[in-house]
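# Overview (structure and organization)
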Amino acid sequence: MGKVSGVFLLVGLCLGAIVAMLLVPPSRSDTTVVADAASGAVAMTVESEQAEPSVVSEPSKPPEPGKPSTELDPKTLAELVPDGQVSVVVYDRVAKKNTISLKAERSYTSASLVKLLIALETLQAGGSPGTVQRMLSVSDDGIASRLWSDHGGPGIVTRWATRIGLSDTRPPEDPGRWGDTRITAADIAKIYRYVLDQASAGTRTTIMRALSGATESGSDGIRQYFGIPDAVGTLPWSIKQGWACCRGVRILHSSGVVGDRHIVVVLTSQPTSTTYASGGKRVTEVVKALVPALEPGG
């Protein structure tokens, strides 16, 4: 029995060894390859997560500057001048087109905006740049009347309307009343385009220096920072304003260049019961509604 037991013990030990060999897998020669593959899978997952935000962020980019303003409801702008009339043009010098236009062909009396044409005529005739600059920057009516008389009065309007292509600009019925020249917002925008893009360098410098140096009060004491200056904040501006009363209406116009890119024209005709101060605030509110289109890059 002792021998038999010994044999069974030996056989058992051998069988155990064989089973152990079968249960323990041998070392795999491709372990490194599998690890690299797993590592690669993790790497692809990480790359995918990093790329995702750039795709998601596309819709979150702010709208292109100017887009909201081009969708302005004309009724909204008109309501800012109750019981009056308003016309608006915003011309983008980069896009070379009007980006905002409201009743751009409506006719108004020019008030002092005609001084832009008087300035062009005077400088072409060799007149004093300093005199022209004062006429524009402080809106000096005395200088304007003298230059109007010296250079042909209504002929100034007809000559420059033909040269620039101002289809709806007409000289005043009374030859001595230069402020009664008939204008439109579309034509005033064309005058600025001519000054900026076609006039001689000397003429352009003289006029734009005067407009960028416009004083807060005109020579008649009327505050002329309504409209563009009061509305555009820190954006640089060059302006020619116009105001007149009281031949049935009160006229308040704001026109000029904002930054280097946008020409802005806002013409209004308001009731005579409106003061210059309150009427000017209405013009300012109109320009404020345009400001998103005037921001840099707009």
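Our subject is the structure listed above.
What counts, and where the lines are drawn
Residues numbered from 1 in each chain as written. Predicted model: local features only at pLDDT ≥ 70, side-chain atom pairs only at ≥ 80, totals over all residues. Heavy atoms only, no water. Helix = DSSP H or I, 4+ residues; strand = E, 2+ residues; numbered from the N terminus. Expected span 1.5 Å × (residues − 1). Buried < 20%, exposed > 50% of the residue type's maximum accessible area, 1.4 Å probe, protein only. Arc of directions from axis to C-beta. Axes fitted to C-alpha atoms, helices over the stretch in contact; angles between N-to-C directions. Parallel < 35°, antiparallel > 145°, perpendicular 65-115°, else oblique. Contact = heavy atoms within 4.5 Å. Nonpolar A, V, L, I, M, F, W, Y, C, P; charged D, E, K, R; others polar. Pairing = 2+ DSSP bridges.

Between its first and last C-alpha atoms helix H12 (residues 276-290) spans 21 Å; for 15 residues at 1.5 Å apiece the expected length is 21 Å, and the two agree. Every buried residue of H12 is accounted for by Gly 279, Gly 280, Val 283, Thr 284, Val 286, Val 287 and Leu 290. Seen along its axis, H12 keeps its buried residues to an arc of 160°; they face one direction. Residues of H12 that are exposed and angled more than 90 degrees away from the buried face: Ala 277 and Lys 281.

Two elements in contact, helix H8 (residues 154-164) and helix H9 (residues 185-197), have axes separated by 11 Å at closest approach and are oriented at 75°. The orientation of H8 with respect to H9, classified from their angle, is roughly perpendicular. For the pair H8 and H9, contact is made by Trp 160, Arg 163 and Ile 164 and by Lys 190, Ile 191 and Tyr 194, respectively. Classifying every residue of the contact of H8 with H9 gives four nonpolar, no polar and two charged.

So, on to the sheet that holds strand S6 (residues 250-258). Reading across the sheet, the five strands line up as S2-S1-S7-S6-S5 and stay open at both edges, with antiparallel pairing between neighbours. The two strands at the open ends of the sheet, each matched to only one other strand, are strand S2 (97-102) and strand S5 (237-244). Each neighbouring strand pair of the sheet contributes to a mean axis angle of 5°, computed without reference to strand direction. Where S6 and strand S7 (residues 262-270) come together, nine bridges link them in antiparallel fashion. The residue bridging Ile 251 from the neighbouring strand is Ser 269, located in S7. Those strands touched by H9 are strand S1 (85-92), S5, S6 and S7, and its axis lies near 150° from that of S7.

Where helix H5 (residues 115-124) contacts H8, the axes come no closer than 10 Å and their chain directions differ by 90°. Overall, the two elements H5 and H8 adopt an arrangement that is roughly perpendicular. Residues Leu 117, Ile 118, Leu 120, Glu 121 and Gln 124 of H5 form the contact with H8, whose own contacting residues are Ile 156, Val 157, Arg 159, Trp 160, Arg 163 and Ile 164. Looking at side-chain class alone, the contact of H5 with H8 contains seven nonpolar, one polar and three charged residues.

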